[in-house]
Amino acid sequence: MSSMHTSSLFNVKDKVVLVTGGSRGIGLMIAHGFVVNGAKVYISSRSAKVCDQVAEELTKLGPGQCISIPADLQSLDEVKRLTAEIAKRESKLHVLINNAGATWGESIKTYPDQAFEKVMNLNLKRAMLPLLDAAATEKQPSSIINIGSVDGIHIPMQETYAYSASKAALHQMTRVMAGHFGSRHITCNAIAPGPFESKMMAATLKNFGDVIVAGVPLGRIGQPEDIAATAIYLASRAGAYTTGAIIPVDGGTLVKAKA
């Protein structure tokens, strides 16, 4: 029972973590949380300049460190390159946080075909499996954490067809992966955030901020600690027996009583 202490249960010190889309928004919030709790965090995003700058800033916070490997994960070649770059530096990967994504809101009449092509990247998870396998043990599994959305669970206010459908698909893929990867000692869970301050949400919050907050029973927008803490739980001993879960972190948005 000695490992019941919270410092052991939620310990992520020295874990090797990859956060895709880790240079801004929810990805940055999660990367920040792991770095200040002593993990070695790789972040990836399309903009090399921003990715490098964020890694430098997070490393200064310590006690962990942050390393930038810019990549455009829409491309299979880039997925392979990112995997090779990490494999050059690390023999194992404890945590893969699949956060890179895009949104698109537009009326069904004018919804562009290419919007439906921006879906989740299964190739990344497949490419990273050998490194995740190398870190996995029965007592402390490796973790895949997919960042879904409450919009993949309920019907959003805006016409985000491809985004909502892709997040719902990501939630189901999480469950399927959890069922098949358990025997490898890899957990696979999804976090479904509600409204958080991020670049993706900026315009929506500016235009509908009051309406959005009114729809959150806890009466506020999500803070960085809210999302980082959930990811740390899933990646630590605390979450070692949780797999196949879709965890809403939404202030109660999904359970808001309808007028």
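In the block above lies the structure referred to throughout.
These remarks concern the structure in this document. (Residues numbered from 1 in each chain as written. Predicted model: local features only at pLDDT ≥ 70, side-chain atom pairs only at ≥ 80, totals over all residues. Heavy atoms only, no water.)

## Let's talk about the overall build of the protein
We apply this condition: The numbering of helices and of strands both runs from the N terminus, where a helix is a DSSP run of H or I of at least 4 residues and a strand a run of E of at least 2. It is over C-alpha atoms that the radius of gyration is taken, and the globule rule equals 2.2 Å times the number of residues to the power 0.38. We call a residue buried when its accessible area falls under 20% of the maximum for its residue type, exposed when it is over 50%, and partly exposed in between, using a 1.4 Å probe and counting protein chains only.
Counting its secondary structure elements, the protein contains 8 helices and 7 strands. What you see for the protein is a C-alpha radius of gyration of 18 Å, in line with the 18 Å of a compact globule of 259 residues. Taken along its principal axes, the extent of the C-alpha atoms in the protein is 50 × 45 × 40 Å. Counting only residues that meet the buried cut, the protein has 49% of its 259 residues in that class.

## Section: the state of the cysteines
Put plainly, two cysteines are in a disulfide when a covalent bond ties their sulfur atoms together. Convention followed: Cysteine sulfur atoms that pair up within 2.5 Å are treated as a disulfide.
Applying the stated rule across the entire model yields 0 disulfides. For Cys66, which is in no disulfide, the shortest distance to another cysteine sulfur is to Cys51 and amounts to 7.4 Å. Cys66 gets classed as buried once you look at its relative accessible area, which sits at 6%.

## Brief notes about the pattern of salt bridges
A side chain of one charge can pair with a side chain of the opposite charge if their charged atoms are brought near each other. Selection criterion: We define a salt bridge as a side-chain nitrogen of Lys or Arg found within 4 Å of a carboxyl oxygen belonging to Asp or Glu.
In total, this model carries 8 salt bridges according to the counting rule given. Put simply, Lys13 and Asp14 hold a salt bridge, and the shortest N to O gap is 3.3 Å. The same class applies to Lys13 as to Asp14, namely exposed. Where Asp133 meets Arg184, a salt bridge forms, and the shortest distance between an N and an O atom there is 2.6 Å. Linking Asp133 in helix α5 (residues 122-135) with Arg184 in the loop between α6 (161-181) and β6 (186-193), this pair joins segments that are 51 residues apart in sequence. Judged by its relative accessible area of 28%, Asp133 falls in the partly exposed class. Of the residues examined, Arg184 reaches a relative accessible area of 35% and is grouped as partly exposed. In this structure, a network of salt bridges that share partners links the residues Glu85, Lys88 and Arg89.

## What to know about the environment of Ile43
To keep it simple, the criterion reads: Contacts were defined at the residue level, with two residues in contact if any of their heavy atoms lie within 4.5 Å.
Residue position: Ile43 is located in strand β2 (residues 40-44). C-alpha separation for the pair Ile43 and Val54, spaced 11 residues apart in sequence, amounts to 8.8 Å. Among residues more than four places away in sequence, those in contact with Ile43 are Val19, Gly22, Ser23, Ala31, Cys51, Val54, Ala55, Cys66, Ile67, Ser68 and Ile69.

## With respect to the sheet that holds strand β3 (residues 65-68)
The criterion, for reference: Paired strands are those between which DSSP finds at least two bridges. Orientation is described by lines fitted to C-alpha atoms, with helices fitted over the stretch in contact, and by angles between N-to-C directions that extend from 0 to 180 degrees.
Read from one edge to the other, the open sheet built from 7 strands follows the order β3-β2-β1-β4-β5-β6-β7, with strand pairing classed as parallel. Of all strands in the sheet, those bounded by a partner on one side alone are β3 and β7 (246-249). Between one strand and the next, the sheet's axes are offset by a mean angle of 20°, whatever the strand orientation. Examined bridge by bridge, β2 and β3 share 4 bridges and lie parallel to one another. Opposite Val41, over in β3, you have Cys66 as the bridge partner. The strands that α6 touches are β4 (95-98), β5 (142-147), β6 and β7; relative to β6, the one it contacts most, it runs at about 160°.

## A short note on the packing of helix α2 (residues 25-36) against helix α3 (residues 48-61)
Our working rule: For any helix crossing, the convention is left-handed if the near helix is rotated counterclockwise from the far helix by under a right angle, and right-handed if that rotation is clockwise. Side-chain classes are defined by residue name, with Ala, Val, Leu, Ile, Met, Phe, Trp, Tyr, Cys and Pro counting as nonpolar, Asp, Glu, Lys and Arg as charged, and the others, Gly among them, as polar.
Taken N-terminus to C-terminus, the directions of α2 and α3 make an angle of 35°; their axes are 9 Å apart at the nearest point. Pair α2 / α3 crosses with right-handed handedness. For the pair formed by α2 and α3, the contact residues are Leu28, Ala31, His32, Val35 and Val36 on the first element and Val54, Leu58 and Leu61 on the second. For the contact of α2 with α3, a count of residues per class yields 7 nonpolar, 1 polar and no charged.

## Let's talk about the packing of aromatic side chains
As a reminder, the rule being used: Two rings from Phe, Tyr or Trp (for Trp, the six-membered ring) form a pair when their centres sit within 6.5 Å of each other. Planes less than 30 degrees apart are called stacked, planes more than 60 degrees apart edge-to-face, and all others tilted. Placement of a charge over a ring requires the Lys NZ or Arg CZ to be within 6 Å of the ring centre, with the centre-to-atom vector within 35 degrees of the ring normal.
Under the defined criterion, the tally for this structure stands at 0 aromatic pairs. The aromatic ring of Phe181 is capped on one face by Arg184, whose charged end is 5.8 Å from the ring centroid.

## Concerning α2
To keep it simple, the criterion reads: A helix is expected to span 1.5 Å multiplied by its residue count minus one.
For α2, built from 12 residues, the straight-helix expectation of 16 Å at 1.5 Å per residue is met to within 8% by its first-to-last C-alpha distance of 17 Å. In terms of burial, α2 is a largely internal element, 9 of the 12 residues being buried. Where α2 is concerned, the buried positions are Gly25, Ile26, Gly27, Met29, Ile30, Ala31, Gly33, Phe34 and Val35. Of the residues flanking the end of α2, it is Gly38, one or two places downstream, whose phi is positive at about 90°.

## A word on the packing of α5 against α6
Geometrically, a packed helix pair is captured by the angle between its two axes and the distance between the axes. Heads up, the condition is: Angular relationships are summarised with four words: roughly parallel below 35 degrees, roughly antiparallel beyond 145, roughly perpendicular across 65 to 115, and oblique for the angles in between.
Their axes nearest at 12 Å, the elements α5 and α6 cross at an angle of 20°. In terms of orientation, α5 and α6 fall into the roughly parallel class. At the point where α5 passes α6, the crossing takes the right-handed sense. Residue-level contacts link Leu122, Lys125 and Leu129 of α5 to Leu170, Met173, Met177 and Phe181 of α6. Tallied by class, residues from the contact of α5 with α6 come to 6 nonpolar, no polar and 1 charged.

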